[in-house]
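Single-letter residue listing:
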Number of protein chains: 2
Amino acid sequence: MTKKKDRLIYLPLGGAGEIGMNCYVYGYGPEGRERLIVVDLGLTFPDMDTTPGVDLILPDISWLAARADRIEAIFITHAHEDHIGALAHLWPQLKAQVFCRRFTGMLAAMKLEDRGLQPNVVSVVEPRPHAVEAGPFRVQFVPVSHSIPESSALIIDTPAGRVVHTGDFKLDGAPVVGEAFAPEEWHAIAKEGDGVHALMCDSTNIFSPRPGRSESTLAEPLTALVAGAGGMVVATTFASNVARLKTLAEAGRAAGRSVCLLGRAMKRMVTAAVESGVLTDFPSTVSPEQAVDIGRENLMLIVTGSQGERRAASAQLARGKYLGLQLAEGDLFLFSSKTIPGNERGVIRIMNAFSEMGVDVVDDHDGLYHVSGHANRPDLEGVHDLLRPKMLIPMHGEHRHLREHAKVASDKGIASEVATNGMMIDLTSGRPQVAEYIETGRVYLDGNVLIGAMDGVVRDRIRMALNGHVMVTVILDEQGEPLGDAWADAMGLAETGKSGAPLVEAIEADLTEFLNRADHRVLKDDDKLDEALRRIVRQVAMEEVGKKPEVTTVVSRLD
Amino acid sequence: MTKKKDRLIYLPLGGAGEIGMNCYVYGYGPEGRERLIVVDLGLTFPDMDTTPGVDLILPDISWLAARADRIEAIFITHAHEDHIGALAHLWPQLKAQVFCRRFTGMLAAMKLEDRGLQPNVVSVVEPRPHAVEAGPFRVQFVPVSHSIPESSALIIDTPAGRVVHTGDFKLDGAPVVGEAFAPEEWHAIAKEGDGVHALMCDSTNIFSPRPGRSESTLAEPLTALVAGAGGMVVATTFASNVARLKTLAEAGRAAGRSVCLLGRAMKRMVTAAVESGVLTDFPSTVSPEQAVDIGRENLMLIVTGSQGERRAASAQLARGKYLGLQLAEGDLFLFSSKTIPGNERGVIRIMNAFSEMGVDVVDDHDGLYHVSGHANRPDLEGVHDLLRPKMLIPMHGEHRHLREHAKVASDKGIASEVATNGMMIDLTSGRPQVAEYIETGRVYLDGNVLIGAMDGVVRDRIRMALNGHVMVTVILDEQGEPLGDAWADAMGLAETGKSGAPLVEAIEADLTEFLNRADHRVLKDDDKLDEALRRIVRQVAMEEVGKKPEVTTVVSRLD
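Residues numbered from 1 in each chain as written. Chains lettered and ligands numbered in written order. Predicted model: local features only at pLDDT ≥ 70, side-chain atom pairs only at ≥ 80, totals over all residues. Heavy atoms only, no water.

For the rest of this paragraph, the subject is the interface of chain B and chain A. The partner chain A presents 66 residues to the 66 residues of chain B that form the contact. Taken together, the two surfaces of chain B and chain A that pack against each other cover about 5500 Å², and 59% of this comes from carbon and sulfur. Contact with chain A buries area across many residues of chain B, yet Met48(B), Arg345(B) and Met491(B) alone supply 13% of it, more than any other trio. In this structure, the connection of chain B to chain A is made through eight salt bridges. For Lys547(A), the salt bridge identified is with Asp446(B), shortest N-O distance 3.4 Å. Of all the secondary structure elements, the ones that give two or more residues to the side of chain B that touches chain A are helix 11 (344-357), helix 13 (399-411), strand 26 (449-452), helix 14 (457-467), strand 27 (469-476), strand 28 (487-491), helix 17 (526-545) and strand 29 (550-557) of chain B. For the side of chain B that touches chain A, the leading source of residues is helix 11 of chain B, giving eight residues. Of the residues contributing to the side of chain B that touches chain A, the split by class is 25 nonpolar, 20 polar and 21 charged. (Contact = heavy atoms within 4.5 Å. Buried area = accessible area lost by both parts, 1.4 Å probe. Salt bridge = Lys/Arg side-chain N within 4 Å of Asp/Glu carboxyl O. Helix = DSSP H or I, 4+ residues; strand = E, 2+ residues; numbered from the N terminus. Nonpolar A, V, L, I, M, F, W, Y, C, P; charged D, E, K, R; others polar.)

As structure tokens, this is what we get:
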């Protein structure tokens, strides 16, 4: 066996070609024997169109699981679900030590414990200059601003050079919670050693042409909005946006209102933020039980459900009384958030329910009450210029984001490549080169089991939802003759068809007629009989109601 | 019987509390014996979240159908599906003469013929001053600008006064196709007789704070965009936006490109527009067969599918070759359209598919390539001021739009009321008064039958999609004893559960065990047996895969 040269590889398993489900692998060593580290184990959320009934969508980490003995460590950049949400579900396949900062670590530990795993696999890491040695990798956490506390970029030093993995970030000189953007720190990162070999960079907001705004710019308009309100004020935002929660709560306090947090996730986040020390001076809050007794003009609720989620507090309030609290004419409901594409219908449903109650709904229409947690195009360009990497691989984005980001890089003369999930990139030389295509994809947490995206379970659900389902039961006696009539049941189909007869009766009539005149060879052959029964069901259903249902046949033979 | 006084009533059956499915009724006469006219018979579109498998959603016109003998006429303001789409489906229940302008009439006739109805029930009406006498109503069509040719407001004169029903409209001084906004005409409408008694007004864009822009402002940026393109140019917009098609085609011609229309709906619209005389000077087009032989730098396609519809031309091109045409690196795809809330995922899917092909996708991000067809808030206020109605009833909007519009009116001292579907409003006095609440809602065209929204068919589909479906077959012999083992089939559920055994085998094992030890009284009682079988299936499924499936049981008794 010839000795292979060491190489530095990058392999996205999620997040490259989509927004969400981030999971990236780096490797260093001889080809096929690289030592590996994993950055983020995120999930994405199902929808009725493509994944009905599914609970969570996780990256397919089969490639990684088959090489678990080569994994040195798992690093989590921050505690958003699309970066940490798969950790507890997939950790048992990887079993490596998990490194992250304190706040992230608290949430990681809770998630592991929720699934019966040991939280001591999580190691809390101090930010740079502290470093974690993981095989050939030396990893430092660099605080960045984002819409959750303690988000971090990773400086990954390898024998082939320095990789900067931004994670999700924005440039914020006054982020309300956490460290302000420090250009001199980034400058230092670029200056050390041979500089930045490769920059793996967040692409979410590459299409936003104007510089991003600071979280701190929201205090003034939010304070004015709450001060001007007459009735109860209710604000929703992402529970994990602890800086926003603070700004909102302070706006409430400034208006002399008692602040009440509603929603399990929100209380969990604030508790973790306070306990980890990232959140200080949060205004004191009242419980829902106490809130009930406070005059509406003196009350402000901060609630979960900014994306219209049906079980969150905002949707509960939109349906009526929740924990004794109820909105009414003259109250104000604020979406201090952006609606994620795909969630519009749920959000609009809530807006209209509040409108029916006479509640004034304010959203981020004018950009006054929300800022993004991601760097916009000019900010990204600023980071490119600060770090001056040899290569730039865009990550965390749909294909169009990655492509645009790669273009921006190429236009500056930085070598770049659109690397989507499953594309292993060799970074060794200073020019990204596709090394291999890895079979990858998604797995579904469905109830309490993991199912493959392609194994047909979800496809069958979608078919039943679109076409309805007919079940046929036929009993054949010892001689193989039909015993009694065929029986049909239908679900998800119109009861009555064009003929005016019940659909199942029309189906049964044709099935029975078929059975009575069917050839013995057909009746004896399970496959042929099944096929004939299906054909009849679909034919009758098409004539009667214009649909071709899914069909399940049960042929019971008494022999 | 005391003689009742004549009254003027307004009853929205669709469109008031939603954007789409417009259907409004006006009545005049003694209470309960009013003569009626119908304005618009529109539909709305299903979605996977709430109406999987449904083809179209129509207003529930039971109230109207029960009073068909009192209907004088049906008026259609314009040919958008949400105003005309239910006509052919619901006309058989109403059987009244249909009045509309020429272009609308051509499309109405096609729709009726498509469903085997006589197109001669459609009467084409010239615009004001021409009038249609319909019982106590005298109705004039006033040309307005919108995103389809020959959209019209209706002037409805009644013994109780003049009603102006705006339909969908915008104010456009240079609409490219059709008549320009003429304030003097609206002024005249307000001056005649006793002025405007009631204004029923489009509310779609009440939340858009800036004045609307003219369709003609798009010519310059679109021409520049196409002129600057190197490869093939493909543009999509609503097929019915004939003015936009013209602007796009002219931009193509100006750049020396051959123009090809793709998509059935688009060709149908252009043909109707040319034949009805509303569209003149449309650049000559080439067929897809001819287009294949034209160099991509000399070709421009104008295609259907701006909302990401899976079967439309844009989605077909996103999947690969369509009618011999295929996009490639360096081509340009333009969305000259706005994405309707709820359609984001489909549109984004197409954008990314094109990105993978190396196609540059341009959307209306900067407002350069699309303008709305609806009047914005300042434009609406302009119309209020021009018409100076006694009352304003907002229509065509979700609840939040109607409420905001009513507020705007009230702030000007105009009497207003939020009237949602099913609220009959008495307009006689000059102050809107709720007269009655009518049972209303939606019906679904499902395959070729109409089903009720509340009759459980769609609910069952959604449940099967979320929970999966298990079918159980049990045979009991002449003595009521189980004959053989229970049989289970599952659809839309994981094959293997926690125990490692196939799910259906785990279910069958527990069912068989139950049957073998079940009390005779349970086995004899269909309901009790059914309930027991369901409970076992759900319990096993919950343990094995963490889901509670829908269950269908078939118990065959050989006695």
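Following the structure, the description resumes.
The next subject is the pattern of salt bridges. Residue and element names in this part refer to chain A. Inspection of the entire model under this criterion finds 64 salt bridges over all chains. A salt bridge links Glu215 to Arg244; the nearest nitrogen and oxygen atoms lie 2.6 Å apart. Of the two residues, Glu215 sits in the loop between strand 13 (196-202) and helix 6 (219-227) while Arg244 sits in helix 7 (residues 242-254), which places them 29 residues apart along the sequence. Across the salt bridge formed by Arg517 and Glu513, the nearest N and O atoms sit 3.8 Å from each other.

One can find Pro52(A) in the loop between strand 4 (35-39) and strand 5 (56-59). Those residues in contact with Pro52(A), other than ones at most four positions away along the chain, are Asp47(A), Val458(A), Arg461(A), Ile462(A), Ala465(B) and Leu466(B).

Expressed as a screw transformation, the operator carrying chain B onto chain A has a rotation angle of 180° and an axial translation of 0.0 Å, and the superposed copies differ by an RMSD of 0.1 Å. Within this description, the copies of the chain are treated as partners about a two-fold rotation axis. In this assembly, 100% of the residues forming the interface of chain B have copies in chain A that are likewise at the interface, indicating an isologous arrangement. (Least-squares fit on C-alpha atoms with pLDDT ≥ 70 in both.)

Okay, helix 6 of chain A next. Residue and element names in this part refer to chain A. Where helix 6 is concerned, the buried positions are Pro221, Leu222, Leu225 and Val226. Buried residues in helix 6, looked at end-on, bunch into an arc of 130°, giving them a common side. Exposed residues lying more than 90 degrees from the buried face of helix 6 are Glu220, Ala224 and Ala227. For helix 6, the elements touching its buried residues are strand 14 (233-236), helix 7, strand 17 (299-303), strand 18 (332-335) and strand 19 (360-362). (Buried < 20%, exposed > 50% of the residue type's maximum accessible area, 1.4 Å probe, protein only. Arc of directions from axis to C-beta.)

Attention now goes to helix 17 (residues 526-545) of chain A. An α-helical segment advances 3.6 residues per turn. Residues three or four places apart therefore align on the same side. Taking 1.5 Å as the rise per residue, helix 17 of chain A with 20 residues should run 28 Å; its terminal C-alpha atoms sit 28 Å apart, in good agreement. The complete set of buried residues in helix 17 of chain A reads Leu529(A), Ala532(A), Leu533(A), Ile536(A), Val537(A), Val540(A), Ala541(A), Glu544(A) and Val545(A). Taken end-on, helix 17 of chain A shows its buried residues confined to a sector of 160°, consistent with a single buried face. In helix 17 of chain A, the exposed residues that point more than 90 degrees away from the buried face are Asp527(A) and Glu543(A). Where helix 17 of chain A is buried, its residues contact strand 27 (469-476), helix 15 (503-517), helix 16 (520-524) and strand 29 (550-557) of chain A together with strand 25 (442-446) and strand 26 of chain B. For helix 17 of chain A, the side-chain oxygen to backbone nitrogen distance between the N-cap and Asp527(A) is 2.9 Å, and the N-cap itself is Asp525(A). The positive-phi residue at the C-terminal boundary of helix 17 of chain A is Gly546(A), with phi of around 75°. (Expected span 1.5 Å × (residues − 1). Polar contact = N/O pair within 3.5 Å; in protein donor to acceptor, adjacent residues only side chain to side chain.)

Looking now at the UniProt feature "domain: Metallo-beta-lactamase" (unreviewed entry) in chain A. UniProt annotation of "domain: Metallo-beta-lactamase" (unreviewed entry) refers to residues 20-222 of chain A when read in the numbering used here. Its end C-alpha atoms 29 Å apart, residues 20-222 of chain A is made of 21% helix and 28% strand. (UniProt positions renumbered as here; feature names shortened; annotations may be inferred.)

Bringing the layout of surface pockets into the picture now. The calculated volume of the second largest pocket comes to roughly 550 Å³. Residue lining of the second largest pocket: 25 residues in total, with Trp487(A), Asp489(A), Thr553(B), Val554(B) and Val555(B) positioned closest to the centre. Looking at the lining of the second largest pocket, the elements that each hand over two or more residues are strand 27 and strand 28 (487-491) of chain A together with helix 17 and strand 29 of chain B. Top contributing element to the lining of the second largest pocket by residue count: strand 29 of chain B, with eight residues. (1 Å grid on protein atoms, 1.4 Å probe; cavity = no way out; pocket = protein on both sides within 12 Å on 5 of 7 lines; lining within 4 Å. Points joined across faces, edges and corners; volume = space filled by probe spheres on them.)

Residues and elements named next belong to chain A. Where helix 3 (residues 87-94) meets helix 4 (residues 102-114), the axes come as close as 9 Å, and the angle between the chain directions of the two elements is 75°. The angle between helix 3 and helix 4 falls in the class roughly perpendicular. Contacts between helix 3 and helix 4 involve Leu87, Ala88 and Trp91 from the former and Ala108, Lys111 and Leu112 from the latter. Along the lines of polarity and charge, the residues of the contact of helix 3 with helix 4 split into five nonpolar, no polar and one charged. (Axes fitted to C-alpha atoms, helices over the stretch in contact; angles between N-to-C directions. Parallel < 35°, antiparallel > 145°, perpendicular 65-115°, else oblique.)

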